[in-house]
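Summary of structural features
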Amino acid sequence: MPASAACTKSEDLVESLSSLDTMARLKALRDVKNQIIGNKTKKLSYIKLGAVPRVVEILASDSDVPLLVQSAAAVGSFACGNDVGVKALLESGVLPHLLKMLSNSNSQVVEAGARSLKMIFQSTLAPKNDMFQGRRVDLILALLNGENDNVAEVAASVLARCCETEEHQKVLAEAGCLQSLIGLLGGSVKKREAALDALAALTRGNQEISSLLIDMEQGNAVACLIKLIKEKSPRTRLFACMCLLNIAKACSSGYQQEWDIKKCMLSTVVKLFEELGQVGEEAPGVLADLVTNNEELQKAAYEINAVEKLAEILHRGVISVRQLEGVLLAIAELCSRLEDGRRQILNLQGQYHIGMALESSTAGVRIAACSCIKSISRSVKNLRTSLTEEHLVRSLFKLLDDPSPLVQYHRPCSGVAKFTLMYCNFACVCIQLRIHESFSRAQYFNRYVSALGAASNIVLDFTPHKAVFFNCGGVSQLIQLARSMDSVLRQNAVWALRNLLYLADMMAKERVMRELTFSTLVDLICDSEEIVQEQALAFVRNLVYGSVECVQLIFAQDGAILHAVERQLCGATRPEVCVQGVYVLSNVAAGSEHHKEAIMEFVSPIAIGDRSASILLRFLQDMSNPQIRVAAVWCIMNLIHADSPGVLSRVLRLHDAGIQLQLQKMAEDPILDVKDRVRAALEQFSALGTSA
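Residues numbered from 1 in each chain as written. Predicted model: local features only at pLDDT ≥ 70, side-chain atom pairs only at ≥ 80, totals over all residues. Heavy atoms only, no water.

In terms of regular secondary structure, the protein chain is built from 43 helices and 0 strands. Looking at the protein chain residue by residue over its 692 residues, the buried ones come to 54%. In the protein chain, of all internal contacts separated by at least 6 residues, the share reaching a separation of at least 24 is 71%. As presented, the protein chain carries roughly 30,100 Å² of accessible surface, and 51% of it is formed by carbon and sulfur atoms. (Helix = DSSP H or I, 4+ residues; strand = E, 2+ residues; numbered from the N terminus. Buried < 20%, exposed > 50% of the residue type's maximum accessible area, 1.4 Å probe, protein only. Contact = heavy atoms within 4.5 Å. Areas by Shrake-Rupley, 256 points an atom, 1.4 Å probe, with all protein chains shown as cover.)

With 136 residues, the main nonpolar core has Phe78, Leu117, Met131, Leu181, Leu287 and Leu328 as its most contacted residues. Looking at which element gives the most residues to this core, the answer is helix α16 (residues 234-250), with 10 residues. Not counting residues within four places of it along the chain, the set of residues in contact with Leu287 comprises Leu266, Val269, Val270, Phe273, Ala306, Leu310, Ala330 and Leu334. Judged by nonpolar contacts, the second largest core, of 80 residues, contains Phe518, Phe555, Ala564 and Leu654. (Core = buried A, V, L, I, M, F, W, Y, C linked by side-chain atoms within 4.5 Å.)

Our focus in this paragraph is a nonpolar patch on the surface. On the surface, Tyr502, Leu503 and Tyr545 cluster together into a nonpolar patch covering about 300 Å² of accessible area. Mapped onto the elements, Tyr545 comes out in the loop between α34 (530-543) and α35 (548-552). (Patch = residues over 30% accessible without salt bridge, like charges linked within 9 Å, V, L, I, M, F, W, Y side chains within 5 Å. Salt bridge = Lys/Arg side-chain N within 4 Å of Asp/Glu carboxyl O.)

Going through the model one piece at a time under the given rule, you end up with 25 salt bridges. The partner of Lys191 in a salt bridge is Asp149, with the nearest N and O atoms 2.6 Å apart. A residue pair is termed long-range when its members are at least 10 positions apart, and Lys191 in helix α13 (residues 189-203) and Asp149 in helix α10 (residues 149-162) qualify at 42 residues. Residue Lys191 is classed as buried on the basis of its relative accessible area, which comes to 10%. The salt bridge involving Asp669 is made with Arg629; its shortest N-O contact spans 3.0 Å. Note that Asp669 is positioned in the loop between α42 (659-665) and α43 (672-687) and Arg629 in helix α40 (residues 626-639), a separation of 40 residues in sequence. Here Asp669 and Arg629 have matching classes, each one buried. A single network of salt bridges, built from pairs that share partners, joins Glu593, Glu597, Arg650 and Arg653.

Let's shift gears to the packing of aromatic side chains. Any two aromatic rings considered together are summarised by their centre-to-centre distance and by the angle between their planes. In the structure shown here, the tally under the stated rule is 0 aromatic pairs. Over the ring of Tyr583 we find Arg541; its NZ or CZ atom is 3.8 Å from the centre of that ring. (Phe/Tyr/Trp six-rings, centres within 6.5 Å; stacked < 30°, edge-to-face > 60°. Lys NZ or Arg CZ within 6 Å of the ring centre and 35° of its normal.)

On to helix α17 (residues 258-271), then. Between the first and last C-alpha of α17 there are 20 Å, a value that for 14 residues agrees with the 20 Å anticipated at 1.5 Å per step. Taken residue by residue, α17 has Glu258, Ile261, Lys262, Met265, Leu266, Thr268, Val269 and Val270 as its buried positions. As for α17, its buried residues are in contact with α15 (220-228), α16, α18 (277-291), α19 (295-303) and α20 (306-315). (Expected span 1.5 Å × (residues − 1).)

Turning next to the packing of helix α11 (residues 166-174) against α13. At a minimum axis separation of 9 Å, α11 and α13 run at an interaxial angle of 120°. In terms of axis orientation, α11 runs oblique to α13. For the pair formed by α11 and α13, the contact residues are Gln169, Leu172 and Ala173 on the first element and Ala201, Leu202 and Thr203 on the second. Of the residues that constitute the contact of α11 with α13, the class distribution is 4 nonpolar, 2 polar and no charged. (Axes fitted to C-alpha atoms, helices over the stretch in contact; angles between N-to-C directions. Parallel < 35°, antiparallel > 145°, perpendicular 65-115°, else oblique. Nonpolar A, V, L, I, M, F, W, Y, C, P; charged D, E, K, R; others polar.)

Counting all residues, the mean pLDDT for the protein chain is 84, and 84% of those residues have values of 70 or more. Taken together, the stretch residues 1-8 has pLDDT below 50 and engages in 1 contact with residues farther than four places along the chain or on a different chain. Note on residues 402-445: pLDDT under 50 across the span, and 88 contacts to partners over four residues away in sequence or across chains. (pLDDT = per-residue confidence, 0-100.)

This brings us to unusual backbone geometry. Non-glycine residue Asn293 carries a positive phi angle of around 60°. Secondary-structure assignment places Asn293 in the loop between α18 and α19. By relative accessible area, Asn293 is classed as exposed at 60%.

Topologically, Arg679 is positioned in helix α43. Along the backbone, Arg679 and Val633 are 46 residues apart, and their C-alpha atoms lie at a distance of 9.8 Å.

A cluster of acidic residues, Glu166, Glu167, Glu174 and Glu208, forms a negative patch on the protein surface. Examining the composition of the negative patch, we find that 3 residues originate from one element, α11, more than from any other. Here Glu174 lies in helix α11. The exposure class of Glu174 is exposed, given its relative accessible area of 62%. (Lys, Arg positive; Asp, Glu negative; His and termini not counted. Charge placed at Lys NZ, Arg CZ, Asp CG, Glu CD.)

Within the secondary structure, Ile261 is located in helix α17. The buried category is assigned to Ile261, whose relative accessible area is 7%. The spacing of Ile261 and Ile226 is 35 residues in sequence and 7.5 Å in space, taken between C-alpha atoms.

As structure tokens, then:
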């Protein structure tokens, strides 16, 4: 048929949807529905011709059963796998008319309306909050408890898609949804799977609802879920694992035999990698959740070849975005603590695909790839060898610089969104992404932190990446992030800068300080958040480590940095802050005679004034963290190094301040490292002719 004739026929069909003749409208509905089923091009064509508002109008105004059934079927066809269709339907006001159909006395109308509703709620555009207005939830629950199995299955699927927030979970639980869903587990396979899907949504991150489920039917509800992880249906096994995982994560008590059940779940989920469709796509992500922060489960997963199977999926080439993200997250978790896992993924050439994923157009994939690199780069060997490709390093550092999403965030927002907006104005963007509306600002924030975490490991000195990092503007981006309004971003950015200075030469240190500025560093040392103070002091520790020229950097601008360090040490209570601060003193004390005297003026001033006791005594007596005592002893050893001209004067001052006596009391310190350092320090005192 010529194109013009086909176009004319389509236009005629659309016109017939508004015909006064009932049979003409019915025939037009059937023809449109049949043409658009599985044909995206036809769907878009009919949407452009204005078919959707006319179909919705039939839903709104007709009472004839065949017309209602066919119009609902057409709505479902427009919505199926097509966000453009869903958008057009919602703009035409379809939702209230579909909900009205659910109360129809005719079962065919109810089922047709429910199925169309299900299709709409498969889309991310679905108005989930709208389902919690008025008595709409009660309407869906009535279908859930009805005698029609098909309608009950659809109702459970809609509830699963609607339940996204804690408030949604609360409303559904209070309406009796939990009990109704448990009742569906004994039904048909489709009914059971829809119920499990909804239960997974209800229990996700919700301790209260998870606890209710544990106690339901005297534990029989959970027993039923455990039994279902061995069912024949892959979807049943997957959803049952998701429910049990949610319960275990939300409730510290979990359920009986939790370890054995988790191992069984582990085996089940890994086997599901081989399944096609939704199950195979979601299984890697479930594995990632299952083994998170659990080294024993990570080892168990490694032993059943989970890493190898994940690598095989990567090597397939063409896989869905959802599956790729799940695979990368699972690899990140399995490599987070296991050196065997890191070695295996690299031996299987997984780093090539991870590097490619850094340039994905999908934000979730990029964040997962960053997590992989962060985990793999925890190995010194890998940093020296397998992660040296320049293209990988450049791809990673590109994630610190992309301002394009800023415009999209200049709109009213609240809570964490406002926080994110504030740091976006300072930080540009940490991840290359064109943000989609479905990403929350909190998710976006997490992407910053993961990219920074990966960058932080990559820039350590024993890797060849520093030159690339400097050349691609990485320092400038880290410094921008270090000035962020968000403390976690500041912490991670300064942490990366700290690692950049680890064993760095004087030229690199001067280059960083020119961009960072001494005033910014002072602000970071005195930050309102202790986690930032710790990293800033660790940065200074690396800055002044090494040659006398490096130590001299702390005296720039009238010693502003040293004075800031001293102020923090006088008031600090967090042990980690004290450790880094005292190591700064120790590194400065390893410098010239002038440097040693500057530290002595702080730890044991000649004019004592209000400070009757050396601050070093406080750190030597601190039992909160042995590293504080180790750092303090190192500082003393550097101050009384035998080759320095003024050593005898410093030895006497430290002796008079009670330092030597305190060291003698520490000779049997319970921590071996402290004990060894104390012994060495006492030998130095003895060699210089002092006694307590």
